[in-house]
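Coordinate inspection notes
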Amino acid sequence: MATNKKDIEFYIDAIRSGADGFQLTEKQPLSYFIRTFGCQQNDNDSEIAAGLLEFIGLKAAPCIEDADIVIFNTCSVRENADRRFYGNLGNLKTWRSEEKHRRIGVMGCMPGLDTHNTMLKESFPFIDFLLNAGDMGNLPRALYESGSQKKHSIVDLTDQAKETGNPSLPVKRESKHRALISIMSGCNNFCSYCIVPYARGRETSRDPLLILAEARAAVDNGAKEIMLLGQNVNSYGNDKRRQGESDFPSFAWLMEEIAKFPDLSILRYMTSHPKDLSDELIEVIGKYETIESHVHLPLQSGSNRLLKQMNRRYTSEHYLELVDKLRSARPGISISTDIIVGFPGETEEDFEDTLRIMETVKFDRAFTFIYSPRSGTPAAGWEQSASDAEIQERFERLLDLQNKHSLESNERCVGENIYVLVSGLSKNDDKIFSGRSKDDRLVNFSLPDMTDSAGQDLTSRGEPLSSTISDGSEVFVRITKAKTHSLEGVFTGLA
Ligand code: SAH
Ligand code: SF4
Ligand code: F3S
């Protein structure tokens, strides 16, 4: 069974009292560093891990070298994600051996997969603990058990159920303006290429009242945006209804309840699986201004033959119907998608089906991936009919087409004065701010020319305007330029 609140408190108290060899003195608190790979569900798990560690009494370290505990939150969705992580981990062997109290934990989507679990234990025996994805409730136990043993061995808690349905745990949010909230864990869809159902277990919906309370608390603490997370948010509650809780609420209900919060600016949600996108949800998306004017609706392929092989359980015709319904319920809604190129057996004809549906829909944005075989998934053993060079060439054609559509979509915004929720200063330029529009476009903007009559630059002197705009500010921006992946503009006023 998943760790319950009482167990969690027990381990937290044990660590605080030093029973696991930690010296958590107030003068010299131990510190942690978490490196996160993968999707927003992992981001959210890392925020919860940080929340728990700080609740226990640890402090955030600025980098791995300065930390006492290092945690890797891993992703296994494609092969390059694996490689990056193992590279990082190998470098830590010496670091771990320098100080006895140091610890390395690995959580996320790799440790619970047999091949990775074996590889981690055999090739990196200096690791201290392994945890399943999303099982943050067991983090205090992992920490405690890895510190209380006399001789080093890896504490492997991946035998714990993946279906945690996590209780509310402390959370340290990365962003001031955005609160990530997982509404469910796991996935039941078993798309034939995908490792996620094996890594995260079966779909488990969290209690709707807990979710509402977390969302409320986040908004009360200043969050302007809520992002509800699940691998397939549209099937929220299916597990509970199957188990007999016939009145367990739907995702549409949950969205509607949160969309009604008076002081919330944007409600985002991902990911929507086309097979489960209901008319009820489309109606709610059309009804509430608070709900983002955007949907992420992974297509994967435009070929019905491949969609079947992928076990996606919809056709391209059904997908197009959904697009029409969404666009009539919410005129101007932006649609983003995921597309895989080079799925086993993909022919030129299948690929052209994908290009055709892209031409019809004209996605505002797309994440495009070259198929990566994942050991343990059905498709991993299927034969490729195209060569690597052919797949690469298809990928580039797909990217060219999508880049053209993305740019055209962004060009439609030029000249408009749009609402932007600011995330902070741009990474590359401390005079440019970044944020996102309601339809999820990345917007970089500058402040209007603030040079005074003597030629003094008021903005760089930190005059009021630049110092009042920060993470969580709501502003209007006049769009002056469209790029493929972002918009540029000038601040016109506070929203
Ligand atoms: N639950 C989400 C997506 C999770 S993974 C959904 O169903 O849409 C994010 C994206 O990674 C997927 O949409 C898919 O496009 C891509 N992906 C997953 N497995 C992959 C693989 N083996 N090779 C290439 N891309 C993959
Ligand atoms: Fe993977 Fe499919 Fe589940 Fe998405 S819905 S996580 S692609 S199995
Ligand atoms: Fe990666 Fe796991 Fe997310 S495999 S994409 S971190 S669900």
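Okay, so let's go over this structure.

Criteria and thresholds
- Residues numbered from 1 in each chain as written.
- Chains lettered and ligands numbered in written order.
- Predicted model: local features only at pLDDT ≥ 70, side-chain atom pairs only at ≥ 80, totals over all residues.
- Heavy atoms only, no water.
- Salt bridge = Lys/Arg side-chain N within 4 Å of Asp/Glu carboxyl O.
- Helix = DSSP H or I, 4+ residues; strand = E, 2+ residues; numbered from the N terminus.
- Buried < 20%, exposed > 50% of the residue type's maximum accessible area, 1.4 Å probe, protein only.
- Near = heavy atom within 4 Å.
- Polar contact = N/O pair within 3.5 Å; in protein donor to acceptor, adjacent residues only side chain to side chain.
- Areas by Shrake-Rupley, 256 points an atom, 1.4 Å probe, with all protein chains shown as cover.
- Nonpolar A, V, L, I, M, F, W, Y, C, P; charged D, E, K, R; others polar.
- Domains from an automatic or database assignment.
- Pairing = 2+ DSSP bridges.
- Contact = heavy atoms within 4.5 Å.
- Axes fitted to C-alpha atoms, helices over the stretch in contact; angles between N-to-C directions.
- Phe/Tyr/Trp six-rings, centres within 6.5 Å; stacked < 30°, edge-to-face > 60°.

With the rule as written, the count across this model stands at 35 salt bridges. Among the ionic pairs, Asp45 bridges to Arg200, the shortest N-O distance being 3.5 Å. On the criterion of sequence distance, the pair formed by Asp45 in helix H2 (residues 40–56) and Arg200 in helix H7 (residues 196–200) is long-range, its members being 155 residues apart. Each member of the pair, Asp45 as well as Arg200, carries the same accessibility label: buried.

In this section: the site of ligand 1. In the vicinity of ligand 1, 15 residues are found, and the nearest of them are Arg78, Gln231, Gln300, Asp338 and Ser372. Arg78 places a polar side-chain atom, nitrogen or oxygen, 2.9 Å from an oxygen atom of ligand 1. At 2.8 Å, a side-chain N or O of Gln231 approaches a nitrogen atom of ligand 1. Isolated, ligand 1 exposes 540 Å² of accessible area, and the fraction of that covered by the protein chains is 90%. Looking at the shell around ligand 1, the elements with two or more residues in it are strand E13 (334–341) and strand E14 (365–370). Residues belonging to the shell around ligand 1 are distributed by class as follows: seven nonpolar, four polar and four charged.

Ligand 3 sits among Gly38, Cys39, Asn42, Cys75, Ser76, Val77, Cys109, Val196, Arg200 and Gln231. When residues of the shell around ligand 3 are sorted by domain, at least three fall in each of domain 1 (5–156) and domain 2 (176–292).

Residues Met270 and Thr271 are joined by a peptide bond in cis, for which omega reads 10°. Examined against the element boundaries, Thr271 turns out to sit in the loop between strand E11 (266–270) and helix H11 (279–287). A positive phi angle, close to 60°, is found at Asn311, a residue other than glycine. Its location among the elements puts Asn311 in the loop between helix H12 (304–309) and helix H13 (316–329). If you check the backbone angles, Asp440 has positive phi at about 65° while not being a glycine. Relative to the assigned elements, Asp440 resides in the loop between strand E16 (432–437) and strand E17 (442–446). Assessed through its relative accessible area of 14%, Asp440 is described here as buried.

With parallel pairing, six strands are arranged side by side in an open sheet as E2-E1-E3-E4-E5-E6. The sheet terminates laterally at strand E2 (59–60) and strand E6 (155–156), the two strands that pair on one side only. Where strand E3 (residues 69–74) and strand E4 (residues 103–108) come together, six bridges link them in parallel fashion. Within E4, the position partnered with Thr74 by the bridge is Gly108. Those strands touched by H2 are strand E1 (31–36), E2, E3 and E4, and its axis lies near 175° from that of E1. Lying on the sheet, helix H3 (residues 79–90) is in contact with E1, E3 and E4; it crosses E3 at an angle near 165°.

Turning our eyes to something else, we now look at the packing of aromatic side chains. Enumeration according to the criterion identifies 16 aromatic pairs in this entry. Seen in terms of ring centroids, Phe190 and Tyr198 are 5.4 Å apart; in terms of plane orientation they differ by 80°. Their pairing is edge-to-face. What makes Phe190 partly exposed here is its relative accessible area of 29%. A connected cluster of aromatic rings, assembled from ring pairs, spans Phe37, Phe72, Phe85, Tyr86, Phe124 and Phe126.

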